[in-house]
Each structure stands twice: as structure tokens, then as C-alpha cells.
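Letter by letter, the chains look like this.
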Amino acid sequence: MMIWAVLAAMTGAAVLAVLWPLSRPSDHPEELAAAGGPDALFYRDQIAEIARDEARGLIAPREAEAARAEAARRLLRAAAGRRPAHEAVGEPALRRRRAVSTLALSAIPLIALAVYGALGSPTLPSQSLAERQAADPGRLDMNAALVRIEAHLAANPNDGRGWEVVAPVYLRLGRADEAARAYRAALRHLGETAPRLSALGEALVAAGDGVVSAEARAAFEAAVQQDANLPKARYYLALAAEQDGRADEARNLYQALLASSPPDAPWLGAIRERLAGLAGSPASLGPDQQAAIQGMVEGLAGRLAASGGSAQEWGRLVRSYVVLGQRDKAVAALKRGEAALAQDLEGREALRAAARAAGLTAGAAP
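Here the residue index of a chain counts from 1 through its sequence in written order. A pLDDT threshold of at least 70 governs which residues receive local features in this predicted model, and a stricter bar of 80 or more applies before side-chain atom pairs are shown or counted, although totals over entire chains, interfaces and linings include all residues. Computation of side-chain values covers all heavy atoms of the structure but excludes hydrogens and water.

*Asks:* For this particular structure, what's the right way to read the overall build of the protein chain?
*Replies:* Check the secondary structure of the protein chain and you find 19 helices and zero strands. Each residue is placed in one exposure class: buried if its accessible area under a 1.4 Å probe, protein chains only, is under 20% of its type's maximum, exposed if it is over 50%, and partly exposed if it falls in between. The buried share of the protein chain, taken over its 366 residues, is 31%. Should any heavy atoms of two residues lie within 4.5 Å, those residues are counted as being in contact. Contacts spanning at least 24 positions in sequence make up 51% of the contacts within the protein chain whose residues lie at least 6 apart. For the protein chain, the accessible surface area stands at approximately 21,800 Å², while carbon and sulfur atoms represent 59% of it. Under the DSSP-based scheme used, a helix requires at least four consecutive residues in state H or I and a strand at least two consecutive residues in state E, with every element numbered from the N terminus. Surface accessibility follows the Shrake-Rupley procedure with a 1.4 Å probe radius. Residue values consider only the protein chains on display as shielding.

Dropping the structure here:
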């Protein structure tokens, strides 16, 4: 009931603030009546100013007298033409004030209660800020926090802990490229650890639309060298083998991870799905799996077309199209890759070797 008492007191104070000036005819009716209103006050000030100018010798006595006479005439007209303020409030005006007062007394509290009842939470128990944040951390203003962290890092670019804090925030907001940059900075300033290397690889995979790039694979391999049981790195290394067309190696890596995982591990479903995909041809996969694979391949193709890539990535694109049965796209990707690697003789030869292993040559017909 305390909240309702507080609300009633606040409402009463607000209503009184509105009604107080309406309940009084004027602030100083006698003074206003004697003064004749603002016009009369102006002419009185003008007469006093004329007297001061005459005393300082700024105006001749004859001119001062004429000016005073003119100001006095205007003062008399202003005073005579203005009714006292208290006489202006007749019975009709008083009735209007009473009506406004009644409306304010009734409508304002009723409207406030209706809005609070519809939008407020009168039965919700009070909580401190810490309790509200603990109960629903997702409601925190992540963007505001991110702005503060970015400002700190702009002033302290060598703060590895700050980069490590901001990296997962970028990843959660879908800014994978910036997440990868932040993880690189954290690794540079704090040193390499298996979790940091694995997190960098995951950010690179997200930035590559699900494709495990050469840099991401190197990060996962370095992570596994430090922690051979790191599930995330092992999963993405298996995915890299699958994307490279090394199905047997990918299957072995998936099965090894499956065997060493706890029975309630959250990644088991993803591993079983990947193994099921390796067991059948693309035509035997479900529509969702086919769409996921196609989206991954098109994402790789778009990234290579926009910014280029390594011979390994071009070869992966060629093999992916072959596995999907899209031979014409595989040949086109091979030609684009050779053109992109025109200045890299070794890379171009590696791409051609990958194409031959997939059963393609640059001049192959669709």
C-alpha cells in the first residue's frame, strides 16, 4: 500500500500546483490597480528617466518639460483605460475557473491511474539494480557498454584484456571481422592459448560464412597442439577436411570426437548430422542440409569473387561444386581461380592439381 500512498501524495501535489494560481484573482490586485498595468509602469519609468537625463544635463529644461507632459498624458490614458485585475474576474470567469479546477481534480488522477494500470506493474516487487541485472542480463545496453570499451581501447590499444573482452561482444552482434581483429590483438598482447586460438578460428569461420579458411585452420591446429582434447578446434578441423573433399579423414575426425565426448555434450547433434551428410550423396540429403551446404558454398564463392583468396580456397570451391553435382560452376570457378592467381605460379599449379583430383581441367566442358 505504500506505493499507492506515495502516488496519491505526488498526484495531490501536482493538482495543487495547477489549482493554486487559478484560485487567486491576481498576485497583487491592489498594486496592479494602482499601477494601471504594464503600460502605466512603462510611462512612469519614462518620466523618471527624463528627470535623470535633465539632472545630468543631457536634455534642456524646456525639452524635458515637454517630454514629461507627453508621458504624463499617456500615463493618464493608460491608467484610465485599464480595469483593476480583481474587477475582471466576474461570475462567468469564476465559473470557468471552478470548472477547470473540477476537471483537474478528477481527470488528472483518473488518467494517471488508467495509464499506470495498463502499462505499469503495481504488483511487481521492488528490486535493486544489481538484482535486475542478475535476473535479466540480456536487457543491459550492450551497445552503450561497447562504446565505452571501444573508447578505452582507442586510448589504450595495448590492453590485451580489453580486446579479449570486446571480441565475443563483436561476435554476438554479428560483427565477425571485428571479432577476429580483436582476437588477433588479444593473442598479440596476451600470448597464445588454446581457447584464444580456438576463438580466433571460430570468428574467422563466422566471417567466412561457415568456410574454414587457411588462417582459421592454422589457428585450430595450433590450438589442438596445446590442448589435444579441445572439442571446438577438433570439430572445425573435421569440418575443414570435409570442405576440402577429404571425406574419409573428416569421418575419422568426427567419429573420434564423438567417441571422446561426454554423453550429454551439446555438440553431439552437430557431429551426427555431419556424419550423416558424409554417409550419403547430396541428393540423398534432406532439404535443410542441402540448403545449408549450398549456402556455405555460395558464401565462399562470393567472398572469393569480392576479395580473392588462396589456392587452397579456390580448390575447395571447385571440389564443393563437383560434390554438389554442379560441374559447370566447378569449371567456371576453376577459370576464375586461375585468373586470380595469375601472378602466383605455385598457387595456380596447386589449384590445377586440386581440379585434376576432382576430375576437372580448365578446358573441361560443363
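*Asks:* Explanation requested: the nonpolar core in the structure shown.
*Replies:* Soluble, globular proteins show a tendency: their nonpolar side chains are buried together. Here, nonpolar core means buried Ala, Val, Leu, Ile, Met, Phe, Trp, Tyr and Cys residues that are tied together by side-chain atoms lying within 4.5 Å of each other. Within the largest apolar cluster, 41 residues are counted, with the highest numbers of intra-cluster contacts made by Trp 163, Val 166, Leu 200, Val 212, Phe 220, Tyr 236 and Tyr 254. Among the secondary structure elements, those contributing two or more residues to this core are helix H8 (142–155), helix H9 (160–172), helix H10 (176–190), helix H11 (194–207), helix H12 (214–226), helix H13 (231–243), helix H14 (247–260) and helix H15 (268–279). Of all the elements, H13 adds the most residues to this core, at eight residues. Excluding anything up to four places from it in sequence, Tyr 254 contacts Tyr 235, Ala 238, Leu 239, Glu 242, Ile 271, Arg 274, Leu 275 and Leu 278. Membership of the second largest hydrophobic core comes to 18 residues, among which are Trp 314, Val 318, Ala 333 and Leu 334.

*Asks:* How do you make sense of the packing of aromatic side chains when you look at a structure like this?
*Replies:* What describes a pair of aromatic rings is the distance from one ring centre to the other and the angle between the planes of the rings. In this scheme Phe, Tyr and Trp rings, the latter by its six-membered ring, pair at centre separations within 6.5 Å, and the angle between planes marks the pair as stacked below 30 degrees, edge-to-face above 60, and tilted otherwise. As enumerated under the stated definition, the model contains three aromatic pairs in all. Judged by centre distance (4.9 Å) and plane angle (10 degrees), the ring pair of Phe 220 and Tyr 236 falls under stacked. Taken as a pair, Phe 220 in helix H12 and Tyr 236 in helix H13 lie far apart in primary sequence, 16 residues in all. Accessibility assignment for this pair places Phe 220 and Tyr 236 in one class, buried. Here Tyr 235 and Tyr 236 contribute two aromatic rings whose centre-to-centre distance is 5.4 Å and whose plane-to-plane angle is 75 degrees, an arrangement assigned as edge-to-face.

*Asks:* Hey, could you run me through the packing of helix H17 (residues 311–323) against helix H18 (residues 327–340) in this one?
*Replies:* The axes of two packed helices give the description: the angle between them and the distance between them. It is at 8 Å that the axes of H17 and H18 come closest, and there the two elements cross at 170 degrees. Looking at the two axes, H17 sits roughly antiparallel to H18. For the pair H17 and H18, contact is made by Trp 314, Leu 317, Val 318, Tyr 321 and Val 322 and by Arg 327, Lys 329, Ala 330, Ala 333, Leu 334, Arg 336, Gly 337 and Ala 340, respectively. Partitioning the contact of H17 with H18 into residue classes produces nine nonpolar, one polar and three charged. Axis definition: a line fitted to C-alpha atoms, over the contacting stretch in the case of helices. Angles run 0 to 180 degrees between N-to-C directions. Roughly parallel covers angles under 35 degrees, roughly antiparallel covers those over 145, roughly perpendicular covers 65 to 115, and oblique covers all other angles. Nonpolar residues are Ala, Val, Leu, Ile, Met, Phe, Trp, Tyr, Cys and Pro. Charged residues are Asp, Glu, Lys and Arg, and all others, Gly as well, are polar.

*Asks:* It is not clear to me how the packing of H9 against H10 should be interpreted in this structure. Could you clarify?
*Replies:* Where H9 contacts H10, the axes come no closer than 8 Å and their chain directions differ by 160 degrees. Compared by their axis directions, H9 and H10 come out roughly antiparallel. Where H9 crosses over H10, the two elements pack in a sense that is left-handed. Where H9 approaches H10, its residues Gly 160, Arg 161, Trp 163, Glu 164, Val 166, Ala 167, Pro 168, Tyr 170 and Leu 171 are matched on the opposing element by Ala 176, Glu 178, Ala 179, Arg 181, Ala 182, Tyr 183, Ala 185, Ala 186, His 189 and Leu 190. Looking at side-chain class alone, the contact of H9 with H10 contains 13 nonpolar, two polar and four charged residues. We call a crossing left-handed when the near helix sits turned anticlockwise from the far one by less than a right angle, and right-handed when that turn is clockwise.

*Asks:* What's the story with the side chain of Gln 326 in this structure? I'm lost.
*Replies:* Take Gln 326: it is sitting in the loop between H17 and H18. Contacts of Gln 326, omitting those with residues within four sequence positions, involve Gln 294 and Tyr 321.

*Asks:* So what exactly am I meant to see when it comes to the environment of Met 296 here?
*Replies:* Inspection of the secondary structure puts Met 296 in helix H16 (residues 287–307). On the accessibility criterion, Met 296 (17% relative accessible area) is buried. As a C-alpha pair, Met 296 and Gly 208 span 88 residues in sequence and 8.8 Å in three-dimensional space. Leaving out residues up to four positions away in the same chain, Met 296 has contacts with Asp 209, Gly 210, Val 211 and Gln 243.

*Asks:* Help me understand the side chain of Ser 320 in this model?
*Replies:* As for its position among the elements, Ser 320 is in helix H17. Whenever two N or O atoms come within 3.5 Å, that pair is a polar contact, provided that in protein one can donate a hydrogen and the other can accept it, and provided that, for residues adjacent in sequence, both atoms are side-chain atoms. At a separation of 2.8 Å, a polar atom in the side chain of Ser 320 contacts the main-chain carbonyl oxygen of Arg 316. Those residues in contact with Ser 320 that lie beyond four places of it in its chain are Gln 243 and Val 297.

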